[in-house]
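# Structural overview
Chain by chain, the residues:
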Amino acid sequence: MTIKGVLHQALKVACIQISSGPNKAQNLANARQKVLSAASAGASLIILPECFNSPYSTAKFREYAEPLSSSPDPERSPSFAALAQMARDTKAFIIGGSVPESDESGKIYNTCAVYSPQGTLLAAHRKMHLFDIDVPGGMCFHESDTLSAGNQITIVDLEGYGKIGLGICYDMRFAEPSTIAAREGAFALIYPSAFNTTTGPLHWELLGRARAVDNQVFTILCSQARDPASSYPAWGYSLVANPMGQVVSGTDEKECTIYAVLEPSVIETSRQAIPITFQRRYDVYPDINQVVNKKE
């Protein structure tokens, strides 16, 4: 049986691995230069890392937070305004990493905004799973000291290409949202991230490849570059994995842009070779997607 791909045409993607410092304007200028360069290389989907506009620090999130709207004010929301302008200038889809977002009640979220090639805000994903961990002898970090959690699974339709599922960093550890996005037809799962040097070598590539194999889709992990002087040194190693779990593009910890061309036939071939879509035992266990849809 032929399984139709959920990606409608080939798509060139770019992951921009950069590190962010305390100067927001400089962070935005660096991101813009990298985005324009990626577009000139032919990328139609360009992805920035988590907290690309600010230090990754619970003590700094509120200071760097901005309100989000469909028409961002460059004075009050310079990061969101810059992302919309990048999209318009490049005529590419922009996955805006993440930006600390402030709402009217004073809550702060870790938010990824997605823009169309016309600069239209398509979606905003608020990080659902907050990074609160205590690794013995390693990392201790509590996002909930400052951030509030989002409460929705985010699936975005990129017109002409198909749907993507979106998460931020720690969201990747939770398999359920990725499964739901894939069942809803997503061709790729995208995770702007800032894994650290404790958890990165243990689980970064493993999780990216696992989510790809679980769902027979592409996974795209876009990390901050590593700054050894930072209080939170990022792991780096941005990557793209195909539906068979193979890393088809990747880098090391330094600033870099990686590219990959996603082909519909790769999804089709993997699903024909290993037809788990037709082999699931819903007579034994529930279809998680149907359970969620019933609740809605």
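Cut-offs used in this document
Residues numbered from 1 in each chain as written. Predicted model: local features only at pLDDT ≥ 70, side-chain atom pairs only at ≥ 80, totals over all residues. Heavy atoms only, no water. Helix = DSSP H or I, 4+ residues; strand = E, 2+ residues; numbered from the N terminus. Rg over C-alpha atoms; globule rule 2.2 N^0.38 Å. Buried < 20%, exposed > 50% of the residue type's maximum accessible area, 1.4 Å probe, protein only. Pairing = 2+ DSSP bridges. Axes fitted to C-alpha atoms, helices over the stretch in contact; angles between N-to-C directions. Phe/Tyr/Trp six-rings, centres within 6.5 Å; stacked < 30°, edge-to-face > 60°. Lys NZ or Arg CZ within 6 Å of the ring centre and 35° of its normal. Core = buried A, V, L, I, M, F, W, Y, C linked by side-chain atoms within 4.5 Å. Contact = heavy atoms within 4.5 Å.

Within an unreviewed UniProt entry, the label attached to the protein chain reads CN hydrolase domain-containing protein, and the organism entered is Penicillium capsulatum.

Scanning the protein chain from N- to C-terminus turns up 7 helices and 15 strands. A globule of 296 residues ought to have a C-alpha radius of gyration of about 19 Å, and the protein chain, at 18 Å, matches this closely. Each principal axis of the C-alpha distribution contributes one length, and for the protein chain these read about 55 × 45 × 40 Å. Counting every position in the protein chain, which comprises 296 residues, the buried fraction comes to 53%.

Turning our attention to the sheet that holds strand 13 (residues 239-241). Either a parallel or an antiparallel arrangement is found when strands of a sheet pair, and the pairing is made through backbone hydrogen bonds. If you walk across this open sheet you meet the 6 strands as 9-10-11-12-13-14, and the pairing is mixed. Since the sheet does not close on itself, it has two edges, and those belong to strand 9 (154-158) and strand 14 (247-250), each with one partner. The sheet shows a mean angle of 20° between the axes of neighbouring strands, taken without regard to direction. The sheet contact formed by strand 11 (residues 186-193) and strand 12 (residues 218-223) spans 6 bridges and is parallel. Counted as the bridge partner of Pro192 is Cys222 from strand 12.

As a further point, take the packing of aromatic side chains. Taken as a whole, this structure holds 11 aromatic pairs when the rule is applied. Ring centres 5.7 Å apart and planes at 65° place the aromatic pair Tyr56 and Phe61 in the edge-to-face group. Classification of Tyr56 by relative accessible area gives buried; the value is 8%. For Phe61, a relative accessible area of 1% corresponds to the buried category. Aromatic ring contacts, followed pair by pair, group Tyr56, Phe61, Phe131, Phe141, Tyr170, Phe174 and Tyr232 into a single cluster. Above the plane of the ring of Tyr109 lies Arg126, whose end atom (NZ or CZ) is 3.8 Å from the centre.

Ranked by internal contacts, the top residues of the largest apolar core, which has 45 residues, are Leu45, Ile95, Phe187 and Leu262. In terms of residues, this core owes the most to one element, strand 11, which gives 6 residues. Phe187 has contacts with Val6, Leu7, Leu11, Leu158, Tyr161, Gly162, Lys163, Ile164, Val217, Phe218, Leu262 and Ile267, leaving out every residue within four places of it along the chain. Ala38, Phe52, Phe80 and Ala113 belong to the second-largest nonpolar core, a separate cluster that totals 22 residues.

On to unusual backbone geometry. Despite not being glycine, Cys51 has its phi angle at roughly 50°, a positive value. Mapped onto the elements of the fold, Cys51 is located in the loop between strand 2 (45-47) and helix 2 (61-64).

Okay, the environment of Ile258 next. When you line up the elements, Ile258 lands in strand 15 (residues 256-262). In this structure Ile258 comes out as buried when scored by relative accessible area, which is 5%. When the C-alpha atoms of Ile258 and Ser238 are compared, they prove to be 7.7 Å apart, with 20 residues separating the residues in sequence. Not counting residues within four places of it along the chain, the set of residues in contact with Ile258 comprises Val13, Ala14, Cys15, Ser238, Leu239, Val240, Ser249, Gly250 and Thr251.

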